[in-house]
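# Descriptive analysis of the structure
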Amino acid sequence: MNSNTPKPEQRCTEILSDTLRGYAGIQEVDYNYTDGSLKAVFDPRQISNERALEVINHAGREASMRVAQCAAKRERGEDACRGCAGDLAIHLANQYETAANLPTATFRKNSIEVKLNNPRLATDENVEVEASFLNTAETVKDKVEIPIEKLEVAFTVINAVTALTAFIGTGLGWNPALIFGLYFVAYATGGWFGLMASIEALKEKTLNVDLLMILAALGAAAIGQPVEGAVLLFLFSLSNTLQTYAMDRSRKAIEKLLDLRPAQATVRRGSRLISLPIEQLTLGDVVIVRPGERFPIDGEVIDGASDVDQATITGESMPVHKQVNDLVFAGTVNGTGSLEIRVTRLAKDTTLARIVKMVEEAQSTKANTQQMLDTFEQRYAIFVLAAAVLLVIVPWLILGNEFQPTFYRAMTWLVVASPCALVISTPASILSAIANGARNGVLFKGGVHLEKTATLKVLAFDKTGTLTSGKPTLTGVHTFNGTKEDELLRLVAALEARSEHPLARAIVDAAHSRTLSLPPSMEFRAVPGQGVEGIVESHRLWVGNQRMFVERDVMIPAEILSKAEELQNEGQTAMFAYEVKTQKFLGIVGVADTLREDAVDMIKALKAAGIEHVVMLTGDNAKVAAKIAERAGVDEFHADLLPQDKVTVLQELQRKYGPTAMVGDGVNDAPSLATADIGIAMGGAGTDVAIETADMVLMSDDLHKIPFAIGLARQSRKVVWQNLTFALGVIVVLIASAFGAQLPLPLGVVGHEGSTVLVVLNGLRLLGYK
């Protein structure tokens, strides 16, 4: 080998170093193949110790795959270093995979398999490496599972075919043993799932409707009517199959959202672009999203600009423009521009994944009506079963009636009195409503909250960011005591830069637009409902509303107060800037927040939907609040409120009017959202706190989602009562027919199962509510 040629291990180990340097936060990498040591220098501000270890682990797997590819090429005879490259592949595999020190390493997720035929050191010329790309589906033998829905369909078909064959065979005089066998299969397939459900219920010391159906079918067979029992089980099985299919429609309406997320992402690794499964993305990775592609992961735009269709997440009908520093969400569609995004959430934590998880949890949470029906079902099932026993014992043993017609009537009673339709009427509607809401950007946290939403009489809004745009603008800088305008704005903006309040953002944006350099602030503290304080360039500043200075016994000069009142009369918010050391007011900063364009129409829509009282709550001064309230058309407003004051107002509204909802941003209004009967958080697509704290989350800032949600909840309540009324009516009619008109068992089964299917289908109508 030429002395100038790099050593094989140097070329191969550079692969690992290059791979690691492609990860965000990793600055320097030094891998010593001789002793197997690895040194990585990383930025703790970008990546934690635990994440650094995870990244190294991840990079090791990727590097071993690349080295194995390299070895496969060299194996064809081009290079003398194939032994070293092959041994390094196995060395890395053993170091980073759980199957350490094994002669064979398989990377299923990376779709690469590396086999060491002779696991000796690299100095041994007989080491051979075979590398080949494999299809994961071909290498991993998953356990084959047949979906329960397909089994139900298959069993229902077998039940129908065998029962019909047995019935025909009886008329043709077939062998009784064959007839018995056919009926046995019909009963086993038709009643299998009901029997399993009954056994599970009995283990919990409860009774269910399935047990009543099984007993009725067995009773029919016992008195020589196997055909009627088989028909009962067929219709019962068919009904359950249709219910399963119908209920799955509402669940899959949400689960299909995950299908919108690409399985692979194009990731920048140094100077290379590679395709990785989204599950392997780490925080800080840079992902390339081309025009027309769906975003595979949640992230922050670091390069490029484009219009993004966010309808799957927020329900917004129009694309939203995205540029540097804007957030994007997995499953949404990129427009005409190419974007580079930095991963901010792992695949399991994306907004899309959390929406699906939250809706699934909501659908598993029973509404109050459903809880009451479940309790009723237990008691009612015991009553039906006890009544069936009495209907046999009293007429037969006491009154001396014939056994067979008496027993037959009792079995008919078991069927027609069973509350199947009654029990399924609520969940069918609730699940459909929750699924519809989620598809339109409205997330209910459960059936309980959906039901409460239908009863609302009062809606209270936080002003900033809900009724108003939440993006106020600077309207003026008014200086006093010789302070220059830009100097005042620079100091105030430097302090407000650390605040999350929308008014603070307006001041900072104005300072940036004037290209002012903002120095860092120290000892920053936000005072809720008043303002902020801190130190900027040795100036200890208080910046806030009049209340801040009243509570600190600081007298505001008449001239400055007069100017503040003038601004407030114009609908602006006046923020005083005060230097503590000199005890002088530096000036006033005027900021105004504008009413949303759709706020007036939304409030009219709320009134049309049945909301009796609309209230605005704000920490702003009364004059500004009055201007906004007048333009919005609310019934009343409360101004100068601290967070605890909003709670007090909400409690008073609840006492005076009844069920009350609070609409806020989910962060500053957390106490109010918790106090209200229903807490509604807006803009939840980018706010973790909103998704966690509110009872209902609006994934976009579209105010018209609020009347939609209320209308959906009230329609859901209407459908539930339709189902309950219909189910009860059918039970009464069937019981009366069974005793007054000698209703045959098969007709009783048709009425019973038919009503069950109808209430489910009626509930599914809510999937199409608009």
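Remember, predicted model here, so these are calculated numbers, not experimental data.

### Thoughts on the overall build of the protein chain
A count of helical and extended segments in the protein chain gives 26 helices and 27 strands. Of all 770 residues assigned to the protein chain, the portion counted as buried reaches 51%. Contacts in the protein chain between residues at least 24 apart in sequence constitute 66% of all its contacts with a sequence separation of at least 6. About 35700 Å² of surface is accessible on the protein chain, with carbon and sulfur atoms providing 56% of the total.

### What about the sheet that holds strand S11 (residues 320-322)?
Here three strands make up an open sheet; going across it, the order is S11-S10-S13 and the pairing antiparallel. Lying at the two open borders of the sheet, with one neighbouring strand each, are S11 and strand S13 (333-334). With three bridges joining them, strand S10 (residues 306-309) and S11 adopt antiparallel strand pairing. Within the sheet, the bridge partner assigned to serine 306 lies in S11 and is lysine 322.

### With respect to the packing of aromatic side chains
Applying the stated criterion across every chain yields a total of 13 aromatic pairs. Ring geometry for tryptophan 542 and phenylalanine 549: centres 6.4 Å apart, planes at 45°, overall tilted. Pairwise contacts between aromatic rings join Trp542, Phe549, Phe576, Tyr578 and Phe585 into one cluster. The ring of tryptophan 542 carries the charged tip of arginine 552 above its face, separated from the ring centre by 4.4 Å.

### Observations concerning empty space enclosed by the protein
Inspection of the entire model under this criterion finds five cavities of 30 Å³ or more. By volume, the largest cavity is sized at about 60 Å³. Taken together, Glu152, Thr189, Gly190, Gly191, Trp192, Phe193, Gly194, Phe236, Ser237, Asn240 and Thr241 make up the full set of residues lining the largest cavity. Those elements giving two or more residues to the lining of the largest cavity turn out to be helix H6 (176-203) and helix H8 (226-259). Of all the elements, H6 adds the most residues to the lining of the largest cavity, at six residues.

### Looking at unusual backbone geometry
Positive phi values are uncommon outside glycine, yet asparagine 325 reaches one of about 80°. Note on placement: asparagine 325 falls in the loop between S11 and strand S12 (327-328). Positive phi is not limited to glycine here, since glutamine 583 has a value of about 55°.

### Some points on the packing of H6 against helix H7 (residues 209-222)
As a packed pair, H6 and H7 sit with axes 8 Å apart at the nearest point and diverge in direction by 135°. The angle between H6 and H7 falls in the class oblique. Handedness of the H6/H7 crossing: left-handed. Mapping the contact onto sequence places Tyr187, Gly191, Gly194, Leu195, Ala197, Ser198 and Leu202 in H6 and Asp210, Leu211, Ile214, Ala217, Leu218 and Ala221 in H7. Grouping the constituent residues of the contact of H6 with H7 by class yields nine nonpolar, three polar and one charged.

### Looking at helix H17 (residues 502-513)
For H17, spanning 12 residues, the distance from its first C-alpha to its last is 17 Å, which sits close to the expected 16 Å at 1.5 Å a residue. Within the span of H17, buried status applies to Leu503, Ala504, Ala506, Ile507, Val508, Ala510 and Ala511.

### Examining the environment of alanine 347
Assignment of secondary structure puts alanine 347 in the loop between strand S14 (339-343) and helix H10 (351-364). A sequence separation of 49 residues divides alanine 347 from aspartate 298, and the C-alpha atoms of the two residues are 7.9 Å apart. Not counting chain neighbours up to four residues away, the residues in contact with alanine 347 comprise Arg261, Ile278, Glu279, Ile297 and Ala353.

### Observations regarding the nonpolar core
Of all hydrophobic cores here, the largest spans 41 residues; its most connected members are Leu459, Phe461, Leu467 and Ile706. If we skip the residues at most four places from it in the chain, leucine 459 touches Leu606, Ile611, His613, Val614, Val615, Ala661, Val663, Ile680, Ile706 and Ile710.

### Details of a nonpolar patch on the surface
A cluster of nonpolar side chains, namely Val389, Leu390, Ile393, Val394, Trp396, Leu397, Ile398, Leu399 and Phe403, defines an oily patch on the protein surface of about 840 Å² accessible area. For the nonpolar patch, the element with the highest residue contribution is helix H11 (residues 368-398), accounting for seven residues. Relative to the helices and strands, valine 394 resides in helix H11. Classification of valine 394 as partly exposed rests on a relative accessible area of 33%.

### Let's talk about the side chain of threonine 618
With respect to the helices and strands, threonine 618 occurs in the loop between strand S23 (613-617) and helix H21 (622-632). According to the relative accessible area criterion, threonine 618 is buried, its value standing at 2%. Discounting chain neighbours no more than four positions away, the residues touching threonine 618 are Lys463, Ala625, His638, Ala639, Asp640, Leu641 and Lys646.

### Overview of the sheet that holds strand S20 (residues 539-544)
Pairing is antiparallel in the open sheet, where six strands are placed in the order S17-S22-S21-S20-S19-S18. The open sheet is flanked by strand S17 (473-479) and strand S18 (521-527), the only strands paired with a single partner. Averaged over all neighbouring strand pairs, the angle between strand axes comes to 20°, with direction disregarded.

### A short note on the environment of asparagine 334
Summarising the element assignment, asparagine 334 is placed in strand S13. A sequence separation of 41 residues divides asparagine 334 from glutamate 293, and the C-alpha atoms of the two residues are 5.5 Å apart. Contact partners of asparagine 334, with chain neighbours within four places excluded, come to Val289, Arg290, Pro291, Gly292, Glu293, Phe295, Ser306, Asp307, Val308 and Leu339. A polar atom in the side chain of asparagine 334 sits 3.2 Å from the backbone oxygen of arginine 290. Within the structure, the side chain of asparagine 334 is placed 2.6 Å from the backbone oxygen of glycine 337, a separation counted as a polar contact.

### So, the pairing of S14
Counting buried positions along S14 yields four of five residues, so the element is predominantly enclosed. Direction of pairing for strand S9 (residues 299-303) relative to S14: antiparallel, over a ladder of four bridges. Paired with aspartate 303 across the bridge in S14 is glutamate 340.

### Some words on the confidence of the model for the protein chain
For the protein chain, per-residue confidence averages 76 on the pLDDT scale, and 72% of positions sit at 70 or higher. Residue range residues 95-144 is modelled with pLDDT below 50. Its contacts to residues more than four positions away, or to other chains, number 82 contacts.

### What about the pattern of salt bridges?
Any two side chains of opposite charge can pair, so long as their charged atoms come close to each other. In total, this model carries 19 salt bridges according to the counting rule given. Its salt-bridge partner being glutamate 293, residue arginine 290 comes within 3.7 Å of it at the nearest N-O pair. For arginine 290, a relative accessible area of 35% corresponds to the partly exposed category. One salt bridge connects glutamate 537 with arginine 490, and the closest N-O pair in it is separated by 2.8 Å. With glutamate 537 in the loop between strand S19 (531-536) and S20 and arginine 490 in helix H16 (residues 485-496), this residue pair connects regions lying 47 residues apart in the sequence.

### Regarding the environment of histidine 512
With respect to the helices and strands, histidine 512 occurs in helix H17. Its relative accessible area of 46% is what places histidine 512 among the partly exposed residues. As a C-alpha pair, histidine 512 and arginine 490 span 22 residues in sequence and 9.2 Å in three-dimensional space.

### Focus: the pairing of strand S6 (residues 264-269)
By the bridge criterion, six bridges tie S6 to strand S7 (residues 272-277) in an arrangement that is antiparallel. Among the inter-strand pairings, threonine 266 is bridged to a residue of S7, identified as serine 275. Between S6 and S7, which follow one another and run antiparallel, lie two residues, and glycine 270 among them has a positive phi close to 65°. Pairing geometry for S6 and strand S8 (residues 286-289), over three bridges, is antiparallel. If you follow threonine 266 over to S8, its bridge partner there is isoleucine 288.

Rules behind the numbers
- Residues numbered from 1 in each chain as written.
- Predicted model: local features only at pLDDT ≥ 70, side-chain atom pairs only at ≥ 80, totals over all residues.
- Heavy atoms only, no water.
- Helix = DSSP H or I, 4+ residues; strand = E, 2+ residues; numbered from the N terminus.
- Buried < 20%, exposed > 50% of the residue type's maximum accessible area, 1.4 Å probe, protein only.
- Contact = heavy atoms within 4.5 Å.
- Areas by Shrake-Rupley, 256 points an atom, 1.4 Å probe, with all protein chains shown as cover.
- Pairing = 2+ DSSP bridges.
- Phe/Tyr/Trp six-rings, centres within 6.5 Å; stacked < 30°, edge-to-face > 60°.
- Lys NZ or Arg CZ within 6 Å of the ring centre and 35° of its normal.
- 1 Å grid on protein atoms, 1.4 Å probe; cavity = no way out; pocket = protein on both sides within 12 Å on 5 of 7 lines; lining within 4 Å.
- Points joined across faces, edges and corners; volume = space filled by probe spheres on them.
- Axes fitted to C-alpha atoms, helices over the stretch in contact; angles between N-to-C directions.
- Parallel < 35°, antiparallel > 145°, perpendicular 65-115°, else oblique.
- Left-handed = near helix turned anticlockwise from the far one by under 90°.
- Nonpolar A, V, L, I, M, F, W, Y, C, P; charged D, E, K, R; others polar.
- Expected span 1.5 Å × (residues − 1).
- Core = buried A, V, L, I, M, F, W, Y, C linked by side-chain atoms within 4.5 Å.
- Patch = residues over 30% accessible without salt bridge, like charges linked within 9 Å, V, L, I, M, F, W, Y side chains within 5 Å.
- Salt bridge = Lys/Arg side-chain N within 4 Å of Asp/Glu carboxyl O.
- Polar contact = N/O pair within 3.5 Å; in protein donor to acceptor, adjacent residues only side chain to side chain.
- pLDDT = per-residue confidence, 0-100.

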